[in-house]
Amino acid sequence: MRVSLVHLNVIGPDAIGGCILNQVRYHLRRGDSVRVYTQYPPEGVTPDVQHLVSVVSLGDLMARRDAHFAHSDLYVY
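A brief look at the structure comes next. (Residues numbered from 1 in each chain as written. Predicted model: local features only at pLDDT ≥ 70, side-chain atom pairs only at ≥ 80, totals over all residues. Heavy atoms only, no water.)

### So, the overall build of the chain
Alright, step 1. Counting its secondary structure elements, the chain contains 4 helices and 4 strands.
Alright, step 2. Here the chain has a C-alpha radius of gyration of 11 Å; the compact-globule value for 77 residues is 11 Å, and the two agree.
Alright, step 3. Seen through its principal axes, the chain has C-alpha atoms that stretch 30 × 25 × 20 Å.
Alright, step 4. A burial count over the chain gives 36% of its 77 residues as buried.
Alright, step 5. Partitioning the intrachain contacts of the chain with sequence separation of at least 6 by distance along the chain shows that 63% fall at a separation of at least 24.
Alright, step 6. When the accessible surface of the chain is totalled, it reaches about 4,600 Å², and 57% of it is carbon and sulfur. (Helix = DSSP H or I, 4+ residues; strand = E, 2+ residues; numbered from the N terminus. Rg over C-alpha atoms; globule rule 2.2 N^0.38 Å. Buried < 20%, exposed > 50% of the residue type's maximum accessible area, 1.4 Å probe, protein only. Contact = heavy atoms within 4.5 Å. Areas by Shrake-Rupley, 256 points an atom, 1.4 Å probe, with all protein chains shown as cover.)

### Description of the nonpolar core
Alright, step 1. With 12 residues, the main nonpolar core is built from Val3, Leu5, Val10, Ile20, Leu21, Val24, Val34, Val36, Val45, Val49, Leu52 and Val53.
Alright, step 2. Of all elements in the fold, only strand S1 (2-7), helix H1 (15-30) and strand S2 (33-38) reach the threshold of two or more residues within this core.
Alright, step 3. Not counting chain neighbours up to four residues away, the residues in contact with Leu5 comprise Ile20, Gln23, Val24, Val34, Arg35, Val36, Tyr37 and Val76.
Alright, step 4. Among the nonpolar cores identified, the runner-up in size contains 5 residues, and Tyr37, Val56, Leu61 and Phe69 belong to it. (Core = buried A, V, L, I, M, F, W, Y, C linked by side-chain atoms within 4.5 Å.)

### Details of the environment of Pro42
Alright, step 1. By the secondary structure assignment, Pro42 is in the loop between S2 and helix H2 (47-50).
Alright, step 2. C-alpha of Pro42 to C-alpha of Arg65: the two residues are 23 residues apart in sequence and 20 Å apart in space.
Alright, step 3. Not counting residues up to four positions away in its chain, the partners in contact with Pro42 are Val10, Gln50, Val53 and Val55.

Below you can see the structure in the form of structure tokens.
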């Protein structure tokens, strides 16, 4: 399954950032293909997740320029 997680920012040490990181790890354990889309560069994100984070604009997502995002089975906002 392709999973796209979308949030304005991802700050690893805070509560929401930690929740996003846990969701990424959960989907990876399931064998899903997961990506995180954020408007601002991530902070405090561990290397195991860092490579899965893309900094994009809302316009990029709406235009569906990213193949993973465009063909995802699950979107979490």
